[in-house]
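Descriptive analysis of the structure
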Amino acid sequence: MTTSMAKDNTEHAQLIDEKMEEEQYLTFYLGREMFALGILNIKEILQYGQLTTVPMMPAFIRGVINLRGAVVPVVDLATRFSGQSNNITKKTCIVIIEVNTSDGKQDIGVVMDSVSEVLEIPVSDIEPPPVFGAKIRTDFIQGMGKIRDKIVIIINADKVLSIEEIAMLSQTELAEKKVDL
Amino acid sequence: MDLDPALQTFYVESREILEEVEDILLRLGQEDEASQKESLNAIFRAAHTIKGSAGLFKLQNIVIFTHVVESLLDQMRESEISIDDDIIALLLKCGDHIGELVTLVQQNNADLPPDLKESGEVLLAQLKQYSGVSVFEVKESIKNNNGKESNQKKSWHISLRFGCNVLREGMDPLSFVRYLETLGEIENIVTLDDALPRLVDFDPESCYLGLEIKFKTQVDKQSIEDAFKFIQEDSTITILSPGSRVSDYLKLIDEMPEENQRLGDVLVQCGSLTAAELAAAWPQPNIKVALNKQDRVRMPVVQETRSMRVDAGKLDEHINLVGELVIASAGAALRAQEMGDTTLNELSSILTRLVEEVRDSALHLRMIQVGPTFNKFQRIVHDMSKDLGKEIEMVISGADTDLDKTVIEKISDPLTHLIRNSVDHGIESPVEREEKNKPRKGKLYLSAYHDSGCVVIEVADDGNGLNRDRILSKAKEKGLVREDQKLMDKDIDNLIFEPGFSTADKVTNISGRGVGMDVVKRNIEELRGTIELDSRPGEGSTFRIRLPLTLAIIDGFLVNVENSSFVIPLEMVHECVELNGVNCKIDTDRNYVNLRGEILPFIRLRALFSTGGVAPKRENVVIVNYAGVKAGLVVDNLMGEFQTVIKPLGEIFSHVPGLGGSSILGNGEVALILDVPGLVNRVSSMENFSIQSAV
Amino acid sequence: MISFEEQGQLCCAQIEGDLTIYTAAELKSDFERLISDQRDMELSLANVSEIDSSGIQWLMLAQRERNRQNLSFRIIDHSSEVLQIFKDLDLSSYFKEPVILDQEKGE
């Protein structure tokens, strides 16, 4: 199940006026909670599978997959947010996202329990994140979107998937592991 | 349309020429008279080529400067000026200056920055002291078409048929005409339109022009040929020297595509042949020649090119694709095996073999000789020994050894460091050497050779060797070694690779600038290489660097723990045994085994990687050996040897010690490549940590 | 770019700008028209700022193709740049019309 929404949409969207750009979002579930993510950086959606775990990494790094010859790291969003991972089901997906890093762009896979649909959320329906209460680090939140009277958290992919931060966290993890043995 | 390609070629070629010149200059002092003469000729030709090409691109700064150098070289060639160390040093600097001028053009800087201008003037003044030729005279002479006495001028005939791509490549036939005008006098020129097609077939960006030129000059044939260096590959260039016989012209007429009669007329028009000469040669319209011509298939002359330039990026892309091909073919082979279809299996094994050949040849494309890199060090040694008042001869061997381009690029810095160290600290001053009954002149050996799938580069000197006492006291001072600790000589020597170690008592500006041998070691390990040191007090020391042939591919040994596959670099695998088999007993619950009486520490990958699950009944030990240290890795299953393309793991995993990269297996799964030295270091530091915290 | 101005049996063409490898391809349709025009042709090079061998090729092709069709072709008002090239390549006899220097024209 490879949805090739990626490129065409991206290129198309870039032609449109800046404001329009962020109006389309992919909604998805982690557990029973719905989140949204701007579709601009989404390259493709894959079925969960053939993942190689990388030892000595923090739990939210599931491992790496082979994406047509490139080795791409995979992050478990649920674990990143709440420290708890959910069971793999038939609906579990890996969404490939392109993130900006200090030295260019990199692809990262993100585990989602299921993806829902692509929706338009007009800018007027997006509120700033609450100071607290979302139970998620506020810098991970790009905004709160209103969809049919429901509120979804629109996540900030560059922050959640910051390569620098992930690399740092895994280093700390390693340092702590030293004591275990 | 872009003028760049031709200029790019100019940059690259000038650099290559300058490097060559540098090599020759560095050898010049030690040569006998006959070979000196030859070398000087070579240098003269090189300067001339640079001047000629620069003239083509109207790079006046380079033309003028090079011309002065050339005059000096000419006088040296005529033995008017003798060769000594100073003049060689001056010529070396001139070479550098020309290189800087080329760089300047490349950076699109039209104006000379003041410092460069000044250094150029200093050099010109020095040159003048030798040759008596000043810039002013040069400028004048360039202006006057190098106007020496016209009685030396002779008439040449130049026949040009430009290749169809010259315009596209940024070359304009006109610029050649104009360049010729700077070399001499164009007496007659005829522009030929014979190759111009009809309008329908005309491609406005192709070149169809031909030129017949009668050219009067005093320069030699080489200089005229050099003018056309950049187009010689696909253009037809014929240069007839003064005094060529009528038959030579007839041959030219015969070889050219135009009608003979027509070309004959053109040559008469040019003044290169007289009508009478032509009439005598062709009593009647020459039927035989004409027939011959018709018979001949009109085919452009196939030029034999021995090498071609390819963009390095394109090459990398190609090699990546071949890597994908290897993976895909492994996948196909696996599937074929599963299906058990004999024909399919046969086909797939043929395919696998072919893909392997393609991969080998692709990897070979990246291989270049270490020679040019080695030669670079000649200069460093020459300059440094001069500065330090030492006499050092550098001996290079195995310059034709091939190595991956990336490896060569990355090894250059560590090598520079080692060589600087040898010159600075290793080799003694002439006086000191004489006191020790050694020849005044020290020797520095730089050699490369193949050894069991690796390339070995050695930097050796016949200097003083390492001063173990000083190393030891320094190590104690820095807390790297305990006061009472007893160390073997080799261990003491290896202390210099420890981080934060620098042996020089006085910090000179040459070595000891804070970058220690630990950096050298790390750089080499990043290339998956190793470095070892062999020091004999009073006799000298040898640094031996072992490098993999290529970075893109690894010969690996595939193992399996729980559900994960790992690749261990094959060159580190010593042997494999069954845990608790006949040869390998666990004596205690400590982490070592008794391997045929030898005590072998081991690492349980299952525990280290916390894979979970239960260990199978039979576990296996892969015994690895790196830099003389043996260790065992306990794994579930051995899957066998396997050659694979290395994929980088990315920044996220860059801090993980023990992982060297990843690779994709035939079934599409990702396998992690173990970095054995990193793994062993990690485990030993973890143990030390827990022992210390237990105390 | 070539502009064409018709004056009865005479067509006055004028090249504006460069006549170099960078513009050679763009000029194709203009030259096609110039070569096939059945009237007498006068081509002014007064406004040619830069010309190189590819430009010379166009001019030579135009001259030859019009000769072949027995159509007249005259290059006038050579700019100094053009004059220099004609001199370098000794082309004035190729474009049979005598080269008239600027000062002499229009008198």
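Scoring rules and cut-offs
The residue count restarts for each chain, going from 1 along the sequence in the order it is written. Chain A is the first chain written and ligand 1 is the first ligand written, with later ones labelled in order. Reporting in this predicted model follows two pLDDT cut-offs: at least 70 for local features of residues, and 80 or more for side-chain atom pairs to be given and counted; totals over whole chains, interfaces and linings ignore these cut-offs and use all residues. Under the DSSP-based scheme used, a helix requires at least four consecutive residues in state H or I and a strand at least two consecutive residues in state E, with every element numbered from the N terminus. Three exposure classes are used, all based on how many other C-beta atoms lie within 10 Å of a residue's own C-beta (placed from the backbone): buried at 20 or more, exposed at 12 or fewer, and partly exposed between those limits. Two residues form a contact once the distance between their C-beta atoms, set from the backbone, is within 7 Å. The nonpolar class holds Ala, Val, Leu, Ile, Met, Phe, Trp, Tyr, Cys and Pro. Asp, Glu, Lys and Arg form the charged class, and all remaining residues, Gly among them, are polar. Here the expected span of a helix is defined as 1.5 Å times the quantity of residues minus one. Should DSSP find at least two bridges between two strands, the strands are regarded as paired. Between the N-to-C directions of two axes lies an angle of 0 to 180 degrees, each axis being a line fitted to C-alpha atoms and, for a helix, fitted only over the stretch in contact. For classification purposes, an angle smaller than 35 degrees is called roughly parallel, one larger than 145 roughly antiparallel, one from 65 to 115 roughly perpendicular, and anything else oblique. In a left-handed crossing the near helix is turned counterclockwise from the far helix by less than a right angle, and in a right-handed crossing that turn is clockwise. Here, a nonpolar core denotes buried Ala, Val, Leu, Ile, Met, Phe, Trp, Tyr and Cys residues that are linked to one another through C-beta atoms within 7 Å. Domains are outlined according to an automatic or database domain assignment. pLDDT expresses how confident the predictor is about each individual residue, on a scale running from 0 to 100.

Let's talk about the overall build of chain B
On a plain count of helices and strands, chain B comes out with 22 helices and 22 strands. By the burial criterion, 35% of the 695 residues in chain B qualify as buried. In chain B, once contacts between residues fewer than 6 apart in sequence are set aside, the share between residues at least 24 apart is 68%.

Looking at the overall build of chain A
When helices and strands are counted, chain A shows five helices and 11 strands. Each of the 181 residues in chain A was classed as buried or not, and the buried ones make up 30%. Long-range contacts, defined as pairs at least 24 residues apart, comprise 56% of the intrachain contacts of chain A with a sequence gap of at least 6.

Quick look at the interface of chain B and chain A
Every contact between the two is made by 23 residues of chain B and, on the other side, 22 residues of chain A. Put simply, the parts of the chain that give the side of chain B that touches chain A at least two residues each are helix H13 (312-339), strand S21 (659-664), strand S22 (670-674) and helix H22 (676-694) of chain B. The leading source of residues in the side of chain B that touches chain A is H22 of chain B, at three residues. Grouping the amino acids of the side of chain B that touches chain A by side-chain chemistry returns 11 nonpolar, eight polar and four charged.

Focus on the interface of chain B and chain C
Taken together, the contact pairs 19 residues of chain B with 23 residues of chain C. Looking at the side of chain B that touches chain C, the elements with two or more residues in it are helix H7 (173-183) and strand S2 (184-192) of chain B. Here the side of chain B that touches chain C takes four residues from H7 of chain B, the largest share from any one element. A per-class count over the side of chain B that touches chain C returns 14 nonpolar, one polar and four charged.

Focus: unusual backbone geometry
Residues and elements named next belong to chain A. Not every positive phi belongs to a glycine, and Gln50 is a case in point at roughly 45°. The residue Gln50 is located in the loop between strand S3 (42-47) and strand S4 (61-67) in this model. Despite not being glycine, Arg148 shows a phi value in the positive range, around 40°. Its location among the elements puts Arg148 in the loop between strand S10 (141-147) and strand S11 (150-155).

Quick notes on helix H15 (residues 371-388) of chain B
Between its first and last C-alpha, H15 of chain B extends 26 Å over 18 residues, near the 26 Å set by a 1.5 Å rise per residue. For H15 of chain B, the set of buried residues is Thr373, Phe374, Phe377, Val381, His382, Met384 and Ser385 of chain B.

Some points on the pairing of strand S18 (residues 620-626) of chain B
Residues and elements named next belong to chain B. Along S18, five of the seven residues are buried, which leaves the element largely enclosed by surrounding structure. Bridge count between strand S14 (residues 573-578) and S18: five bridges; the pairing is antiparallel. In the strand pairing of S18, Val573 is matched with Val624. Bridge count for S18 against strand S19 (residues 629-635) is seven bridges, and the pairing is antiparallel. When the bridges of S19 are listed, Val621 appears paired with Val634.

A word on the sheet that holds strand S2 (residues 10-15) of chain C
All names here are of chain C. Read from one edge of the open sheet, four strands run S1-S2-S4-S6, paired in mixed fashion. The sheet is open, and its two borders are formed by strand S1 (2-7) and strand S6 (73-76), each paired with just one other strand. The mean inter-strand angle of the sheet, taken between neighbouring strand axes irrespective of direction, is 20°. Of the strands in this sheet, S1, S2 and strand S4 (40-44) are in contact with helix H1 (residues 28-36), which crosses S1 at around 25°.

Quick look at the pairing of S11 of chain A
Residue and element names in this part refer to chain A. The pairing of strand S2 (residues 33-38) with S11 spans two bridges and is parallel. Bridging across to S11, Phe35 finds its partner in Ile153. As defined by bridge partners, S10 adjoins S11 across six bridges and the pair is classed as antiparallel. Directly across from Met144, in S11, lies its bridge partner Ile153. Counted between consecutive antiparallel strands, the loop separating S10 from S11 contains two residues, among which Arg148 sits at a positive phi close to 40°.

What to know about the sheet that holds S3 of chain A
Residues and elements named next belong to chain A. Taken in spatial order, the five strands line up as S3-S6-S7-S5-S4 in an open sheet, and their pairing is mixed. Where the open sheet ends on each side, the last strands, each with one partner, are S3 and S4. Across the sheet, the axes of successive neighbouring strands diverge by a mean angle of 35°, strand direction being ignored. Sheet topology places S3 next to strand S6 (residues 93-101); five bridges connect them, and they run antiparallel. The residue bridging Ile45 from the neighbouring strand is Val95, located in S6.

As for the packing of helix H3 (residues 60-77) of chain B against helix H5 (residues 114-131) of chain B
Residue and element names in this part refer to chain B. H5 packs onto H3 with a crossing angle of 25° between their chain directions and a minimal axis gap of 10 Å. Between H3 and H5, the crossing angle belongs to the class labelled roughly parallel. As H3 packs across H5, the resulting crossing turns out to be left-handed. Across the interface between the two elements, Phe65, Val68, Val69, Ser71, Leu72 and Gln75 of H3 pack against Gly120, Leu124, Leu127, Tyr130 and Ser131 of H5.

Description of the nonpolar core
The biggest cluster of nonpolar side chains holds 88 residues, and the ones touching the most others in it are Val110 of chain A together with Ile568, Ile603, Val622, Val624, Leu633 and Leu674 of chain B. The leading source of residues in this core is strand S12 (residues 553-561) of chain B, at six residues. Taken domain by domain, this core gets at least three of its residues from each of domain 3 (312-366) and domain 5 (553-694) of chain B. For Leu633 of chain B, the residues in contact, after removing those within four places along its chain, are Ile568, Phe602, Ile603, Leu605, Val621, Val622 and Val624 of chain B.

Some words on H13 of chain B
All names here are of chain B. For H13, built from 28 residues, the straight-helix expectation of 40 Å at 1.5 Å per residue is met to within 8% by its first-to-last C-alpha distance of 41 Å. Among the residues of H13, those classed as buried are Val322, Gly323, Val326, Ile327, Ser329, Ala330 and Ala336. Residues of H13 that are buried make contact with helix H14 (342-365), strand S20 (637-645) and S21. Gly340 sits one or two residues past H13 and shows a positive phi near 70°.

Considering the packing of helix H16 (residues 405-426) of chain B against helix H20 (residues 517-526) of chain B
All names here are of chain B. Across the interface, H16 lies against H20 with an axial gap of 9 Å and an inter-helix angle of 155°. As the angle between them shows, H16 and H20 are arranged roughly antiparallel. Between H16 and H20 lies a crossing whose hand is left-handed. Contacts between H16 and H20 involve Lys410, Asp413, Pro414, His417 and Leu418 from the former and Val520, Asn523 and Ile524 from the latter. Here the residues of the contact of H16 with H20 sort into four nonpolar, two polar and two charged.

What about the environment of Lys150 of chain A?
Residue and element names in this part refer to chain A. Within the secondary structure layout, Lys150 lies in strand S11. Classification of Lys150 as exposed rests on a count of 9 C-beta atoms within 10 Å. Considered as a pair, Lys150 and Met34 are 116 residues apart in the sequence and their alpha carbons are 9.2 Å apart.

Some points on the confidence of the model for chain B
Residue and element names in this part refer to chain B. Looking at chain B as a whole, its pLDDT mean stands at 79, while 86% of the residues score no less than 70. Taking the mean pLDDT of every element in chain B, the minimum, 48, falls on helix H12 (residues 287-295) and the maximum, 90, on strand S6 (residues 392-397). Here residues 145-151 is modelled with pLDDT under 50, and outside its nearest four sequence neighbours on either side it reaches eight contacts, counting other chains as well. For the stretch residues 293-305, pLDDT sits under 50, and the model shows five contacts to residues farther than four places along the chain or on other chains.

Some remarks on the environment of Leu527 of chain B
Turning to its location among the elements, Leu527 of chain B is positioned in the loop between H20 and strand S10 (530-536). Note: C-alpha distance between Leu527 of chain B and Leu547 of chain B (20 residues apart in sequence) is 7.1 Å.

Notes on the confidence of the model for chain A
Here chain A averages 79 in pLDDT, and 83% of its residues register 70 or above. In this model, residues 1-20 of chain A is a region of pLDDT below 50 whose contacts with residues beyond four sequence positions or in other chains number 17 contacts.

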